[in-house]
Amino acid sequence: MRWENLTDSDHARAADPALFGADAVTTRTFDMPEFRGITFHEVRARSILNRVPGASRMPFEWTVNPYRGCTHACVYCFARKTHSYLDLDTGLGFDSQIVVKVNAPELLRRQLASRRWQGEHVAMGTNVDCYQRAEGRYRLMPGIIEALTERANPFSILTKGTLILRDLDLLTRAARVTDVGISVSVGFTDAELWRTVEPGTPAPERRLEVVRTLGEHGIGCGVLMAPVIPFLGDEPAQLRATVRAIAAAGATSVTPLVLHLRPGAREWFMAWLGQHHPHLVRRYERLYAEGAYAPKWYQRRITRQVHDLAREYGIGPTRAGTPRRPPEAGQPKPARTAATEPVQLSLL
């Protein structure tokens, strides 16, 4: 593996010094049912705050990614390409060869204390899930959340993992001193589709329980309805069932995002499609003929349908500038209000 090519951007290769060298890597396997077939590469990273490239579509500038590779094994995962930078397979290798930055909490504390750090928003879970199965063993997120809380540094988390509820007390504490945004990813509620395209994730209904539980503890939680998968999860009845379930869970917002197929993910997804839904291969080739993203007309159609359903079920967009903090002890929780006009929301 080419560890020297893992630079301080988790999104693209650069000519900067590597985050760590091969002499800093320890490879482990664990003889436990939940980790069978998975190899962990423990590394001591040299940097943990990653600047997002300027050309990125992401609405944030800084990320923290304690893991690389993901046992969620989502066949569409856009981060698969990053494994090729280490000469690792972007298919099964991405699902089973997990890089663990074991010093992430201590390193983050040091970097947040730097005079150069201006307290910018930090996004997590935007490359691979920080609450994937490995987090149950390595427990990196509690230290990361504590480091951010100590500096009252705003942050957000996007996850498909129910393990986030383990850190509920830490998140509640953080939300009392800074802005904390939590989003859970639920693109569909179809059980058969879930089992085939997201085989390593908790079921959609379990993820929606996370939304409900966070809300009950005063932490507003939005849902990233992603991905909406063309021809498999985009029927009006499917969209309605998903938005209805999201509303019932008490989500503060719902943001639809149509499947995109970047290099690395595209090849893996199309191979899966050819095996499970060969009749759709030509339709996908036409829909994604211009690149990684579905045509604007298709994206607008899905967005309009989801926002119409959100309005029907009383889900409103998160109001700009409204901190997602639990009320102080003894203070009533703010009443939820339905928005009159859903809008296109940012990723987090």
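This text goes with the structure placed above it.
Residues numbered from 1 in each chain as written. Predicted model: local features only at pLDDT ≥ 70, side-chain atom pairs only at ≥ 80, totals over all residues. Heavy atoms only, no water.

Novice: Could you give an account of the pairing of strand S2 (residues 39-43), with specific residues and numbers?
Specialist: When you tally the buried positions in S2, you get 5 out of 5 residues, the bulk of the element. The alternating pattern of S2 places Thr39, His41 and Val43 and Phe40 and Glu42 on opposite faces, both of which are buried. Bridge analysis of strand S1 (residues 25-28) against S2 gives 4 bridges, and the strand direction is antiparallel. Along S2, the bridge assignment pairs Arg28 with Phe40. Pairing geometry for S2 and strand S6 (residues 97-101), over 5 bridges, is parallel. Its bridge partner lying in S6, Phe40 is registered against Ile98. (Buried < 20%, exposed > 50% of the residue type's maximum accessible area, 1.4 Å probe, protein only. Helix = DSSP H or I, 4+ residues; strand = E, 2+ residues; numbered from the N terminus. Pairing = 2+ DSSP bridges.)

Novice: Summarise helix H11 (residues 296-312); cite the residues concerned and give the values.
Specialist: With 17 residues, H11 extends 24 Å from end C-alpha to end C-alpha; this agrees with the ideal 24 Å at 1.5 Å per step. By the burial criterion, the buried members of H11 are Tyr298, Ile302, Thr303, Val306, His307, Leu309 and Ala310. The arc that holds the buried residues of H11, viewed along the axis, is 160°, so those residues lie on one side. Those residues of H11 that are exposed and aimed more than 90 degrees away from the buried face are Trp297 and Arg300. Buried residues along H11 sit in contact with strand S10 (221-228), helix H8 (236-248) and strand S11 (254-258). Gly314, located one to two residues past H11, shows a positive phi value of around 80°. (Expected span 1.5 Å × (residues − 1). Arc of directions from axis to C-beta. Contact = heavy atoms within 4.5 Å.)

Novice: Lay out unusual backbone geometry in plain terms, naming residues and giving numbers.
Specialist: Cis geometry is found at the peptide bond from Ala226 to Pro227, where omega equals -5°. Summarising the element assignment, Pro227 is placed in strand S10. For Arg139, which is not glycine, the phi torsion reads 50° and is therefore positive. For Arg139, the position within the fold is in the loop between helix H3 (135-138) and helix H4 (141-150). The phi angle at Phe231 is positive, at roughly 70°, despite the residue not being glycine. By secondary structure assignment, the location of Phe231 is in the loop between S10 and H8.

Novice: Explain the nonpolar core to me, using residue names and the numbers behind them.
Specialist: Formed by 91 residues in total, the largest nonpolar core has its most connected members in Met124, Phe155, Ile157, Phe269 and Tyr284. Counting 5 residues, the second-largest nonpolar core is a separate cluster that includes Val25, Leu86, Leu88 and Val99. (Core = buried A, V, L, I, M, F, W, Y, C linked by side-chain atoms within 4.5 Å.)

Novice: I'd like a description of the packing of helix H2 (residues 104-112) against H4, backed by residues and values.
Specialist: Running from amino to carboxyl end, H2 crosses H4 at an angle of 15°, the nearest separation of the two axes being 8 Å. It follows that H2 is roughly parallel to H4 by the angle criterion. Note on packing geometry: the crossing formed by H2 with H4 is right-handed. Contacts between H2 and H4 involve Ala104, Pro105, Leu108, Arg109 and Leu112 on the former and, on the latter, Gly143, Ile144, Glu146, Ala147, Leu148 and Glu150. For the contact of H2 with H4, the per-class residue count stands at 7 nonpolar, 1 polar and 3 charged. (Axes fitted to C-alpha atoms, helices over the stretch in contact; angles between N-to-C directions. Parallel < 35°, antiparallel > 145°, perpendicular 65-115°, else oblique. Left-handed = near helix turned anticlockwise from the far one by under 90°. Nonpolar A, V, L, I, M, F, W, Y, C, P; charged D, E, K, R; others polar.)

Novice: Got a sec to walk through the pairing of S11? Specific residues and values, please.
Specialist: Along S11, 4 of the 5 residues are buried, which leaves the element largely enclosed by surrounding structure. The pairing of S10 with S11 spans 4 bridges and is classified as parallel. Across the sheet, residue Met225 finds its bridge partner in S11, namely Pro256. Taken together, S10, H8 and S11 constitute a β-α-β crossover, and its handedness is right-handed. (Right-handed = clockwise from strand over helix to strand, strands pointing away.)

Novice: Which residues make up the sheet that holds S6, and what are the values?
Specialist: Hydrogen bonds between backbone groups are what pair the strands of a sheet, and the pairing can be parallel or antiparallel. The sheet built from 4 strands is open, its strands ordered S1-S2-S6-S5 with mixed pairing. Here the strands that pair on one side only, and so sit at the sheet edges, are S1 and strand S5 (67-68).

Novice: Residues and numbers for the sheet that holds strand S9 (residues 180-185), please.
Specialist: Strand order in the open sheet formed by 7 strands is S3-S4-S7-S8-S9-S10-S11, and the pairing between neighbours is mixed. Only two strands of the sheet have a single partner each, and these edge strands are strand S3 (49-51) and S11. Each strand axis lies, on average, 25° off the axis of its neighbour in the sheet, ignoring direction.

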